[in-house]
Amino acid sequence: MQFKDVLLSRHSVRYYEPTPIDESILRDIIDEATHAPSWINAQQWHVWATEGKTLESIRTEFYERVNAGLEGKSDIPPSHRDAFSPIGRENMQQFSKAREDAGLASIKLECQSKLFYAPVMLFLTLPKTYTPYMVFDLGAFSQTLMLAAADRGIGSLVAWNPVKYPDLIRKYMPIPPEEAIAIAIALGYEKAHPLNAFRSTRQGVEQILNIVR
């Protein structure tokens, strides 16, 4: 695909087919993502991929914790909703209304609790001594990774929710304690389902661009 087609085709996929991703494809996606820029080319990120039996164990226990109402405590705390930008709050409201209007609210919550049924989950880490610039770098790496996946027809979703129980992830994966589990990316082939039909709005160029001459 042309780059613009890749860019415009990528969206958040919240429900995946169980079809596995070939390991060679996964490795190529990660390899291409390493070309993302970073501060002094430090490349402080690490990717921990899980699939198969290990992922199913994480998925099962994650679902049990969510159903039990256990509060999460991620390595990198998220912003409170009161601190969300106006457009962020508006987009969340639009998505919530859209899924409720379509009768998908319960399905969305189930998918989220089952880690979107993704065949591959990536947990991205940074040193616990991370700086804001490292977080910026991880964002660039994540976006490059998801675009590389989209170029191969593989859907993605970047999300905080799957990392809210870092002790659970470390129970099944040898992530060292000095690394913070920053964010998760779900990967897989998109399931044909109404839950995946939602598209969030984007700000227009005139709302974000300032040209000074």
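Residues numbered from 1 in each chain as written. Predicted model: local features only at pLDDT ≥ 70, side-chain atom pairs only at ≥ 80, totals over all residues. Heavy atoms only, no water.

Caption draft 1: Looking closely at unusual backbone geometry. A positive phi angle, close to 55°, is found at Asn-41, a residue other than glycine. One can find Asn-41 in the loop between helix 2 (23-33) and strand 1 (46-50). Classification of Asn-41 by relative accessible area gives exposed; the value is 51%. The phi dihedral of Phe-116 is positive, around 65°, even though this residue is not glycine. Among the residues examined, Phe-116 registers a relative accessible area of 5% and is labelled buried. (Helix = DSSP H or I, 4+ residues; strand = E, 2+ residues; numbered from the N terminus. Buried < 20%, exposed > 50% of the residue type's maximum accessible area, 1.4 Å probe, protein only.)

Caption draft 2: Quick look at the side chain of Asp-137. Within the element layout of this structure, Asp-137 appears in helix 6 (residues 132-150). Buried within the structure, Asp-137 lacks any salt-bridge partner; Arg-10 is the closest side chain of opposite charge, at an N-O distance of 19 Å. A polar side-chain atom of Asp-137 sits 2.9 Å from the main-chain amide nitrogen of Trp-39. The contacts of Asp-137, once residues within four sequence positions are left out, are Pro-37, Ser-38, Trp-39 and Trp-45. (Lys, Arg positive; Asp, Glu negative; His and termini not counted. Salt bridge = Lys/Arg side-chain N within 4 Å of Asp/Glu carboxyl O. Polar contact = N/O pair within 3.5 Å; in protein donor to acceptor, adjacent residues only side chain to side chain. Contact = heavy atoms within 4.5 Å.)

Caption draft 3: Examining the nonpolar core more closely. Core analysis: the biggest nonpolar cluster contains 24 residues, and Leu-122, Leu-124, Leu-138, Phe-141, Leu-145, Ile-185 and Leu-187 have the highest contact counts within it. Elements that contribute at least two residues to this core include exactly helix 2, strand 2 (120-127), helix 6 and strand 4 (179-188). Residue contributions to this core peak at seven residues, all from helix 6. With residues up to four places along the chain from it excluded, the contact list for Leu-122 reads Leu-26, Ile-30, Val-47, Trp-48, Ala-49, Leu-145, Ile-183, Ala-184, Ile-185 and Leu-187. Of all hydrophobic cores here, the second largest spans 21 residues; its members include Leu-115, Phe-116, Met-121 and Ile-175. (Core = buried A, V, L, I, M, F, W, Y, C linked by side-chain atoms within 4.5 Å.)

Caption draft 4: Looking closely at the sheet that holds strand 4. Across the sheet, four strands lie side by side as 1-2-4-3; this open sheet has antiparallel pairing. Since the sheet does not close on itself, it has two edges, and those belong to strand 1 and strand 3 (155-159), each with one partner. Strand-to-strand twist of the sheet, defined as the mean angle between neighbouring strand axes without regard to direction, takes the value 25°. In the sheet, strand 1 pairs with strand 2 via five bridges, with the strands oriented antiparallel. Bridging across to strand 2, Ala-49 finds its partner in Leu-122. (Pairing = 2+ DSSP bridges. Axes fitted to C-alpha atoms, helices over the stretch in contact; angles between N-to-C directions.)

Caption draft 5: Summary view of the pattern of salt bridges. Within this structure, the stated rule accounts for seven salt bridges. The partner of Arg-65 in a salt bridge is Asp-167, and the shortest N-O contact between them spans 3.0 Å. You can see Arg-65 sitting in helix 3 (residues 52-67) and its partner Asp-167 sitting in helix 7 (residues 166-172), a full 102 residues away along the chain. Overall, Asp-167 belongs to the partly exposed group, its relative accessible area being 47%. Residues Asp-75 and Arg-170 are paired through a salt bridge, measuring 2.9 Å at the closest nitrogen-oxygen approach. With Asp-75 in the loop between helix 3 and helix 4 (86-101) and Arg-170 in helix 7, this residue pair connects regions lying 95 residues apart in the sequence. Judged by its relative accessible area of 22%, Arg-170 is partly exposed. Residues joined in a network through salt bridges with shared partners are Glu-61, Arg-65, Asp-167 and Lys-171.

Caption draft 6: Spatial organisation of helix 3. The end-to-end C-alpha distance of helix 3 is 23 Å, a good match for the 22 Å that 16 residues give at a rise of 1.5 Å each. Listed in full, the buried residues belonging to helix 3 are Leu-55, Ile-58, Arg-59, Glu-61, Phe-62 and Arg-65. Looking at the buried side of helix 3, the elements it contacts are strand 1, helix 5 (105-113), strand 2 and helix 7. One or two steps after helix 3, the chain reaches Gly-69, where phi turns positive at roughly 75°. (Expected span 1.5 Å × (residues − 1).)

Structural measurements only, silent on function.
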